[in-house]
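Fold and geometry: a report
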Amino acid sequence: MTCDVDGNNCDQVTSWHGTAGRARWSPNGRYIAFEFHPKERSEIYVAEVTGGLPHLLPTIAGADNLSPSWSRDGKSIYFASKRGSEPFQIWKMPVQGGSPSRITGNGGISPVESPDGRFLYYSKYEQGGVWRIPLQGGQETEVLSEVEGGGWPNWGVTADGIYFLRFGKFPLVTIGFFEFATGKTIPIWSLEKEPGWGLSLSSDGKSIVYIQNEFLESNLMMVKNFR
């Protein structure tokens, strides 16, 4: 679904049988890239916001392809891909078509290009952390170790640092900001309720969106004469 910020004027983007998610706007706001899970494997599609059927991005055949994100110029899409028991690796391909090129060699998921286009930031599926690699060539380095394994959607990059969900023993869950200039983490906000999975930043870096669990309920049922 796409909606105005106030929740009005909602339009449905897909109506398929399966699970669609991890939607990402293109820099010009005309397109949305998302992952779709029809059955066993996942694929990446691109849809024009003004209408028309989403089209499949021909990434890597026979693999799980997910977690798309756009390059800052809107000409390419990064994504994570894996086959079988192999680790996820990050690839890049032109939106208009062409062969994907592999970016990482030691694992990677949830890719985000830096605002200046010099680096690619990403996590590792089980190992955790936020890593980066120069897009013009060079070695990867770990930038932030406080993002736990399995928390790969829980952070976002700005020109000045990384906002992320900082988990402790609840209710000591905060949104933290890792500042590039000082290498220090600054607490931004303490969460009143347990958060869900995922964090995202607005394009201007001034707003944060995260998931908060409002209702945690369960029911105890009794079944008589079940034997």
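Now for a description of the structure that goes with this document. Predicted model, so just to flag it, every value in this text is computed and none were measured. Residue indices begin from 1 for each chain and proceed along its sequence in written order. Predicted model: local features are reported for residues with pLDDT of at least 70 only, side-chain atom pairs are reported and counted for 80 or more only, and whole-chain, interface and lining totals are derived from all residues. As a convention, hydrogens and water are excluded, and side-chain values are obtained from all of the structure's heavy atoms.

1. A closer look at the sheet that holds strand S8 (residues 101–102)
Whether two strands pair depends on DSSP finding at least two bridges between them. Strands are runs of DSSP state E lasting at least two residues, helices are runs of H or I lasting at least four, and both sets are numbered from the N terminus onward. Read from one edge of the open sheet, four strands run S5-S6-S7-S8, paired in antiparallel fashion. The open sheet is flanked by strand S5 (64–70) and S8, the only strands paired with a single partner. Pairing between strand S7 (residues 89–94) and S8: two bridges, direction antiparallel. Bridging from a neighbouring strand, Lys 92 pairs with Ser 101 of S8.

2. Structural notes on the sheet that holds strand S13 (residues 155–157)
Remark on secondary structure: sheet strands pair via backbone hydrogen bonds, oriented parallel or antiparallel. Spatial ordering of the open sheet is given by S13-S14-S15-S16, a layout of four strands whose pairing is antiparallel. Two strands in the sheet have a free side with no partner beyond their single neighbour: S13 and strand S16 (185–190). Between one strand axis and the next, the sheet turns through 20° on average, direction left out of account. Here an axis means a line fitted to C-alpha atoms, over the contact stretch when the element is a helix, while the angle between two N-to-C directions is reported on a 0 to 180 degree scale.

3. Notes on the environment of Trp 152
Tracing the chain through its elements places Trp 152 in the loop between strand S12 (141–144) and S13. A C-alpha to C-alpha distance of 9.5 Å links Trp 152 and Pro 111, two positions 41 residues apart in sequence. Contact criterion: two residues are considered in contact whenever any of their non-hydrogen atoms come within 4.5 Å of each other. Not counting residues up to four positions away in its chain, the partners in contact with Trp 152 are Arg 22, Ser 67, Ile 109, Ser 110, Ser 123, Tyr 125 and Trp 197.

4. Looking at the pattern of salt bridges
Throughout this description, the term salt bridge denotes a Lys or Arg side-chain nitrogen within 4 Å of a carboxyl oxygen of Asp or Glu. Under the counting rule described, the total for this entry stands at two salt bridges. Its salt-bridge partner being Arg 30, residue Glu 48 comes within 3.1 Å of it at the nearest N-O pair. With Glu 48 in strand S3 (residues 43–48) and Arg 30 in the loop between strand S1 (19–25) and strand S2 (31–37), this residue pair connects regions lying 18 residues apart in the sequence. For Lys 124, the salt bridge goes to Glu 140, with nearest N and O atoms at 2.8 Å. Of the two residues, Lys 124 sits in the loop between strand S10 (119–123) and strand S11 (130–134) while Glu 140 sits in the loop between S11 and S12, which places them 16 residues apart along the sequence. The two residues Lys 124 and Glu 140 agree in class, both being buried. Under the scheme applied here, a residue whose accessible area is under 20% of the maximum for its type counts as buried, over 50% as exposed, and between as partly exposed, the area being computed with a 1.4 Å probe on protein chains only.

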